[in-house]
Amino acid sequence: MARLLIEGRYPLQGRLEASGAKNAALPIIAACLLTREQVVLDRVPTIADVWVMADILREMGVQVEFNGNGTMVLDASDLATTTPPEDLVRRMNASFDVAGPLLAHHGEAQVSLPGGCKLGPRPVNLHLDAFRRLGAQVTSEHGFVKAKASRLRGAHILFPKVTVGATKNAMMAATLAEGVTVLENCAQEPEIVDLANFLVKMGARIEGQGSPKIRIEGVQELHGARHAIISDRIEGGTYLLAAAVTQGDITLEEFEPWLVESLLENLTKAGQKVTVLGNTIRVRGTHPIRPLEIATAPFPGFPTDLHPPIVAMLALADGTSVLQETIFEGRFMYAMEMVRLGADLRVSDRNVVIRGVPRLTAAPVDAPDIRAGGALVLAGLAAEGETVISGVEYIDRGYQNLEDRLRHLGARVRRVEEPLKQIVG
Ligand code: UD1
């Protein structure tokens with residue numbers, strides 16, 4: 001089991017190029033199932049979730065190659081099955097992205113329920129309702145979803161709540177449906193826009209992506225396409241916060257500022273120096289960090305995935321902050337661990353009250369999920385002494401080359417594979 005050792009209190013400084021977004025890459029990779037032609041993707045992040053999606057597709061008979069420098073080539077012309085491997089599907093929620101393309105292009109999908117995770121139950125009922133509205137027969141039994149339709153039919157679908165997952169699956173399914181589909185109360189996340197833009201390159205007719213109403217005119221078939229993945233706003237946001245927690249000076253390049261407007265607003269309110277110039281963002285960490293009141297919300301609101309990382313900053317603020325989590329009830333798993341580093345956090349119901357402390361101190365901590373892992377790395381970078389983070393497999397799911405990128409910015413961080421006893425004993 002790997003662990004990260006971080007010696008804190010070194011200000012991070014330098015320039016960093018943004019990575020491609022995990023949450024855009026995963027559905028776009030899955031969308032190769034919508035065509036028999038070759039798909040080429042650039043700027044695919046080298047993270048564990050991408051390897052899992054690649055393995056799922058390989059086991060289904062898709063040819064998958066990585067050509068170095070983040071380019072991925074996919075060819076689903078010889079698909080062998082519409083049942084992706086259960087053990088891999090259960091490893092991440094986004095594996096359910098294959099359901100819509102399989103159903104639309106191959107007339108059926110038998111996909112294991114991705115299951116709950118530490119963020120909460122993660123149901124897929126709204127994905128299934130959308131498939132049913134598009135004319136599919138759908139059952140969910142014994143942990144498997146089975147969906148079938150000789151050809152889907154366009155429909156009007158009003159999502160009862162904003163969901164990224166169901167918006168992606170419904171949009172992908174509708175591209176090959178007969179007639180027009182109108183999706184309302186859609187997720188407006190940039191990753192949905194990137195997926196839609198990719199589908200349009202494949203020949204799909206989609207309008208309104210990035211707004212609550214998406215209109216899709218079904219086509220007979222989709223063709224191959226080449227596409228570069230949009231920047232990862234959560235990874236990028238985590239590095240910008242690293243400048244704040246270490247009083248450093250980080251410039252993120254090749255990164256579209258509209259992706260993180262709500263974060264930049266909050267960083268500015270917190271007294272941090274933010275400069276935006278074209279597609280670069282510079283954050284200079286400044287003390288004191290002013291406290292904030294934040295509620296997470298679907299895009300363009302403050303992203304739930306940046307909730308734990310911004311708490312790492314607010315833990316060091318000069319005053320008391322409150323953060324309300326409105327998307328995932330299980331988002332607070334990081335709190336107990338951050339308290340071990342000296343943070344003063346009180347969680348009740350869906351709120352965390354953060355009383356700023358002047359300093360954090362190193363301790364062994366365990367990352368319970370991807371973004372909690374990002375937050376613990378930030379706290380470790382700020383803490384006095386050497387923080388040992390286990391649960392690195394979660395961090396590897398969402399942060400590409402984390403140690404290299406941190407070291408490039410001047411952090412003292414290393415990865416060790418030995419058991420904990422040998423490290424701290
Ligand atoms: C995606 C992101 C995740 C991000 C989240 C919210 C990926 C791979 N993951 O997750 O990083 O934190 O969006 O921005 O892109 N819900 C239902 N029924 C459903 C589907 C969702 O009740 O069928 C609920 C969920 O439990 C949650 C809320 O809707 O409370 C939002 O979920 P959703 O937006 O679908 O998140 P994901 O796509 O799972």
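Coordinates for the structure precede this section.
Summary of the structure given here. Quantities reported herein were computed from a predicted structural model and do not represent experimental measurements.

Here the structure, examined in full by the defined rule, presents two cavities of 30 Å³ or more. Taken as a whole, the largest cavity spans an internal volume of roughly 60 Å³. Contributing to the lining of the largest cavity are T238, Y239, A242, G374, V377, L378, L381, Y399, L402 and L406. Class assignment for the residues of the lining of the largest cavity results in eight nonpolar, two polar and no charged. Considering only enclosed or pocket space, the second largest cavity measures out at about 40 Å³ in volume. Lining of the second largest cavity is provided by A21, K22, N23, E191, D232, R233, I234 and R371.

Take the pattern of salt bridges next. Enumeration according to the criterion identifies 22 salt bridges in this entry. Between R233 and E191 there is a salt bridge, with the nearest N and O atoms lying 2.8 Å from each other. You can see R233 sitting in helix α8 (residues 233-245) and its partner E191 sitting in helix α7 (residues 190-201), a full 42 residues away along the chain. With a closest N to O distance of 3.5 Å, R350 and E329 form a salt bridge. Within this pair, whereas R350 is found in the loop between β19 (344-348) and β20 (351-355), its partner E329 is found in the loop between β18 (320-324) and α11 (333-340), the two being separated by 21 residues in sequence. Looking at R350, the relative accessible area reads 26%, which means it is partly exposed. Three or more residues joined by partner-sharing salt bridges are found here, namely K22, D49 and R397.

Moving on: the site of the ligand. For the ligand, the set of nearby residues contains 20 residues, the closest of which are N125, L126, V164, D305 and I327. At 3.4 Å from an oxygen atom of the ligand is found a side-chain nitrogen or oxygen belonging to N93. P123 has a polar backbone atom sitting 3.3 Å from an oxygen atom of the ligand. Look at the ligand: alone it shows 740 Å² of surface, and the protein chains cover 86% of it. At the level of elements, α5 (125-133) and α6 (164-174) are the ones that each hand at least two residues to the shell around the ligand. Across the shell around the ligand, the residue classes tally to seven nonpolar, seven polar and six charged.

This paragraph deals with the environment of R412. Mapped onto the secondary structure, R412 falls in strand β23 (residues 412-416). Judged by its relative accessible area of 45%, R412 is partly exposed. For the pair R412 and C186, spaced 226 residues apart in sequence, the C-alpha to C-alpha distance is 42 Å. At 3.4 Å, the side chain of R412 forms a polar contact with the side chain of Y10.

The next point concerns the pairing of strand β15 (residues 273-277). Taken together, the five bridges between β15 and strand β16 (residues 280-284) define a ladder with antiparallel strand orientation. Bridging across to β16, T275 finds its partner in R282. Hairpin connection from β15 to β16: two residues lie between these consecutive antiparallel strands, with G278 at a positive phi of about 55 degrees.

What follows covers the sheet that holds strand β22 (residues 386-390). Spatial ordering of the open sheet is given by β21-β22-β1-β23, a layout of four strands whose pairing is mixed. Here the strands that pair on one side only, and so sit at the sheet edges, are β21 (364-366) and β23. Neighbouring strand axes in the sheet, compared pairwise and without regard to direction, differ in orientation by 20 degrees on average. The sheet contact formed by strand β1 (residues 3-7) and β23 spans five bridges and is antiparallel. Its bridge partner being in β23, L4 is matched across the sheet by R415.

Let's shift gears to the layout of surface pockets. A volume near 190 Å³ is recorded for the second largest pocket. Considering the residues around the second largest pocket, the lining is formed by E17, A18, S19, G20, R43, V44, P45, T46, G70, Q400 and R405. Split by residue class, the lining of the second largest pocket holds three nonpolar, five polar and three charged.

Remark: the centre distance and the inter-plane angle together describe each pair of aromatic rings, the angle taken between the planes. According to the stated counting rule, one finds two aromatic pairs in the structure shown. Judged by centre distance (5.1 Å) and plane angle (85 degrees), the rings of W51 and F66 are edge-to-face. Of this pair, W51 sits in helix α2 (residues 48-59) while F66 sits in strand β4 (residues 63-66), and the two are 15 residues apart along the sequence. Given the relative accessible area of 37%, W51 is considered partly exposed. Ring plane angle 85 degrees and centroid distance 6.1 Å describe the contact between W258 and F299, whose orientation is recorded as edge-to-face. Residue W258 is found in the loop between β14 (249-253) and α9 (261-269), and its partner F299 is found in the loop between β17 (293-295) and α10 (307-314); the two are separated by 41 residues along the sequence. Of the residues examined, F299 reaches a relative accessible area of 13% and is grouped as buried. When the ring centre of Y10 is taken as origin, the NZ or CZ atom of R412, which lies over that ring, is 4.1 Å away.

Along the polypeptide, I214 turns up in strand β12 (residues 214-217). Here I214 falls in the buried class, since its relative accessible area comes to 0%. With 18 residues separating them in the primary sequence, I214 and A196 have C-alpha atoms 9.6 Å apart. The contacts of I214, once residues within four sequence positions are left out, are T167, M171, T181, V182, L183, C186, I192, I206, E207, G208 and Q209.

With respect to the helices, strands and loops of the structure, D249 is situated in strand β14. Sequence separation of D249 and G285 is 36 residues, and the distance between their C-alpha atoms is 6.2 Å. For D249, the residues in contact, after removing those within four places along its chain, are L12, Q13, G14, A243, R282, V283 and R284. At a separation of 2.7 Å, a polar atom in the side chain of D249 contacts the side chain of R282.

Parameters and conventions
- Residues numbered from 1 in each chain as written.
- Predicted model: local features only at pLDDT ≥ 70, side-chain atom pairs only at ≥ 80, totals over all residues.
- Heavy atoms only, no water.
- 1 Å grid on protein atoms, 1.4 Å probe; cavity = no way out; pocket = protein on both sides within 12 Å on 5 of 7 lines; lining within 4 Å.
- Points joined across faces, edges and corners; volume = space filled by probe spheres on them.
- Nonpolar A, V, L, I, M, F, W, Y, C, P; charged D, E, K, R; others polar.
- Salt bridge = Lys/Arg side-chain N within 4 Å of Asp/Glu carboxyl O.
- Helix = DSSP H or I, 4+ residues; strand = E, 2+ residues; numbered from the N terminus.
- Buried < 20%, exposed > 50% of the residue type's maximum accessible area, 1.4 Å probe, protein only.
- Near = heavy atom within 4 Å.
- Polar contact = N/O pair within 3.5 Å; in protein donor to acceptor, adjacent residues only side chain to side chain.
- Areas by Shrake-Rupley, 256 points an atom, 1.4 Å probe, with all protein chains shown as cover.
- Pairing = 2+ DSSP bridges.
- Axes fitted to C-alpha atoms, helices over the stretch in contact; angles between N-to-C directions.
- Phe/Tyr/Trp six-rings, centres within 6.5 Å; stacked < 30°, edge-to-face > 60°.
- Lys NZ or Arg CZ within 6 Å of the ring centre and 35° of its normal.
- Contact = heavy atoms within 4.5 Å.

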